[in-house]
Amino acid sequence: MSENSILSRLDGLKIKYEEIGQQMTDPEVIADMKKFVALNKEYKELRPVVETSEKYRTALNHLAEAKEILTTEKDDELREMARMEVAELEPELERLEEEIKLLLIPADPQDSKNAIVEIRGGTGGDEAALFAGDLFRMYTKYIEKRGWRYEINSMSEGTSGGFKEIVMKVIGDSVYGVLKYESGVHRVQRVPQTETQGRVHTSAASVAVLPEAEEFDLEINMNDIRKDIFCASGPGGQSVNTTYSAIRLTHIPTGIVVQCQDQKSQLKNFDKAFEELRTRIYNLEYQKYLDEIAGKRKTMVSTGDRSAKIRTYNYPQGRVTDHRINLTLYNLSAVMDGDIQEIIDKLQVAENAERLRASEE
């Protein structure tokens, strides 16, 4: 992409950005909540491109001025200052150009959303449930580090601890765009607590990360939903509370079933279950898009194919391996304490490189 073509694209986006800013002050647009939400989202997405393009233009102007001094100025001191400025600006312009190229690639519109995260113990019985519990702890620690928050929708505890399944909603800035890399099968290799011979076993847990469907993303006919109310139960089947506050919703056309038993109030449980149901219905359609890109991006293979093994946690050797980008780190205890940013950063870099290649083909 040449300098001129970058500048002409940036000009167009700046005009669009300013037009959207104007539209958002129009009382008619403000009154139309659906339109206002969509425009506000687009405005926020364009802001980084416009801000980076301003830096790029400023750097270009400074470079032109410094080169002008080099060709016309006789004063050695001024020429030396200009030479130093050129040496600084040329690599900075290259960096900004790469940044702009990435920003110009259309982002996945789901990236800015909150996420529903489902962790399920897979093969390995009690040990798989314990590992699902370890993954849940890893994510909640990471969520805290990011300044996000989470709410539990439903859980089914394992007989020896951990979870057979746990579903949570994660709320924050661009949650799905970060956590989407975690979808897939996570494998653990360690000596289970129940193992007397000291043998290493392999167990697995699967993680599914779904972008949360917002109110305006789709409309659901309430006549298509069957609602069941029951008592929330804990491990061993004992009743957690004696009021019928847990909610199970079944979407008859798709057969999708969700339940929420976390809140004491039936109404709150209904709201949370309905949010999750909307997300799961929305994701039936979104999955088709994921399947389409899965073949093109190895970083996203897990999302397109939930059975793909994406990562191995090996306790005897204290290592974590992400199979998508052949990354091995020897800091397992830090990772299990929520220190997963380095892995996510490297996955994002790999995906960005793949997206850049695809856009240039």
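Above this text sits the structure in question.
The text that follows walks through the structure, step by step, so that each part is easy to find. Model, not experiment: these values are computed from the prediction.

Notes on the overall build of the protein chain
Then, in step 1: When helices and strands are counted, the protein chain shows ten helices and eleven strands.
Then, in step 2: In the protein chain, which comprises 361 residues, the share counted as buried stands at 43%.
Then, in step 3: A sequence separation of at least 24 residues applies to 61% of the contacts in the protein chain between residues at least 6 apart.
Then, in step 4: By element, 50% of the accessible surface of the protein chain is carried by carbon and sulfur atoms, the whole surface being about 19100 Å².

Examining the sheet that holds strand E1 (residues 115-121)
Then, in step 1: Strand order in the open sheet formed by eight strands is E2-E3-E1-E5-E4-E9-E10-E11, with mixed pairing between adjacent strands. Edge positions in the open sheet fall to strand E2 (149-157) and strand E11 (327-329), since each of these has one partner strand only. Taken over all neighbouring pairs, the strand axes of this sheet differ in orientation by 15 degrees on average, direction set aside.

Side note on the packing of aromatic side chains
Then, in step 1: If you walk through the whole model with that rule in mind, you get six aromatic pairs.
Then, in step 2: Summarising the aromatic geometry, the rings of Phe270 and Phe274 are spaced 6.0 Å apart at their centres and angled 15 degrees between planes, so their arrangement reads as stacked. Of this pair, Phe270 and Phe274 both sit in helix H7 (residues 266-294), four residues apart, which is roughly one turn of that helix. Phe274 carries the same exposure label as Phe270, and that label is buried.
Then, in step 3: Members of the aromatic cluster, joined through ring pairs, are Phe136, Tyr150 and Phe163.
Then, in step 4: The positively charged end of Arg190 is found above the aromatic ring belonging to Tyr315, 4.8 Å away from the centroid.

Examining a nonpolar patch on the surface
Then, in step 1: Together, Ile69, Leu78 and Met81 line one region of the surface with nonpolar side chains, adding up to about 250 Å² of accessible area.
Then, in step 2: In this fold, Ile69 is placed in helix H3 (residues 33-72).

Observations concerning H3
Each α-helix winds once per 3.6 residues, and so residues spaced three or four apart point in a common direction.
Then, in step 1: Given a rise of 1.5 Å per residue, 40 residues ought to cover 58 Å, and the 58 Å separating the end C-alpha atoms of H3 matches this to within 8%.
Then, in step 2: Along H3, the largest kink reaches about 30 degrees and is centred on Leu46; proline Pro48 follows within four residues of it.
Then, in step 3: Among all positions of H3, only Leu39, Leu46, Val49, Val50, Thr52, Ser53, Tyr56, Ala59, Leu60, Leu63 and Ala66 are buried.

Considering the pattern of salt bridges
Think of it this way: side chains of opposite charge can pair up when their charged atoms draw near.
Then, in step 1: Taken as a whole and assessed by the stated rule, the structure comprises 23 salt bridges.
Then, in step 2: Here Lys14 ties to Glu54 by a salt bridge, and the two come within 3.2 Å at their closest N and O atoms. Separated by 40 residues along the polypeptide, Lys14 in helix H1 (residues 3-23) and Glu54 in helix H3 bring together distant segments of the chain.
Then, in step 3: Given a relative accessible area of 29%, Lys14 falls into the partly exposed group.
Then, in step 4: The closest approach of N and O atoms between Glu342 and Lys346, which form a salt bridge, is 3.1 Å.

Here's the deal with the layout of surface pockets
Then, in step 1: Estimates place the volume of the second largest pocket at around 440 Å³.
Then, in step 2: In this structure, the second largest pocket is lined by 21 residues; those nearest its centre are Glu118, Arg120, Val257, Glu276 and Arg280.
Then, in step 3: Elements that contribute at least two residues to the lining of the second largest pocket include exactly E1, E2, strand E3 (163-171), strand E5 (201-211), strand E8 (256-260) and H7.
Then, in step 4: No other element matches H7, which puts five residues into the lining of the second largest pocket.
Then, in step 5: For the lining of the second largest pocket, the residue count by class is nine nonpolar, six polar and six charged.

A word on the packing of H3 against helix H4 (residues 76-104)
Then, in step 1: Relative to each other, H3 and H4 sit at 155 degrees, their axes nearing to 8 Å. The angle between H3 and H4 falls in the class roughly antiparallel. Here H3 and H4 pass one another in a crossing that is left-handed.
Then, in step 2: Residue classes in the contact of H3 with H4 are distributed as 18 nonpolar, three polar and eight charged.

Some words on the sheet that holds E8
Then, in step 1: The strand order E6-E7-E8 describes an open sheet built from three strands, whose pairing is antiparallel. One side of each edge strand has no neighbouring strand; the edge strands of this open sheet are strand E6 (225-230) and E8. Mean inter-strand twist for the sheet, computed between neighbouring axes without regard to direction, equals 15 degrees.
Then, in step 2: The pairing of strand E7 (residues 246-251) with E8 spans five bridges and is antiparallel. Across the sheet, residue His251 finds its bridge partner in E8, namely Ile256.

Calculation criteria
- Residues numbered from 1 in each chain as written.
- Predicted model: local features only at pLDDT ≥ 70, side-chain atom pairs only at ≥ 80, totals over all residues.
- Heavy atoms only, no water.
- Helix = DSSP H or I, 4+ residues; strand = E, 2+ residues; numbered from the N terminus.
- Buried < 20%, exposed > 50% of the residue type's maximum accessible area, 1.4 Å probe, protein only.
- Contact = heavy atoms within 4.5 Å.
- Areas by Shrake-Rupley, 256 points an atom, 1.4 Å probe, with all protein chains shown as cover.
- Pairing = 2+ DSSP bridges.
- Axes fitted to C-alpha atoms, helices over the stretch in contact; angles between N-to-C directions.
- Phe/Tyr/Trp six-rings, centres within 6.5 Å; stacked < 30°, edge-to-face > 60°.
- Lys NZ or Arg CZ within 6 Å of the ring centre and 35° of its normal.
- Patch = residues over 30% accessible without salt bridge, like charges linked within 9 Å, V, L, I, M, F, W, Y side chains within 5 Å.
- Salt bridge = Lys/Arg side-chain N within 4 Å of Asp/Glu carboxyl O.
- Expected span 1.5 Å × (residues − 1).
- Bend = angle between axes of the 7 residues up to and from the residue.
- 1 Å grid on protein atoms, 1.4 Å probe; cavity = no way out; pocket = protein on both sides within 12 Å on 5 of 7 lines; lining within 4 Å.
- Points joined across faces, edges and corners; volume = space filled by probe spheres on them.
- Nonpolar A, V, L, I, M, F, W, Y, C, P; charged D, E, K, R; others polar.
- Parallel < 35°, antiparallel > 145°, perpendicular 65-115°, else oblique.
- Left-handed = near helix turned anticlockwise from the far one by under 90°.

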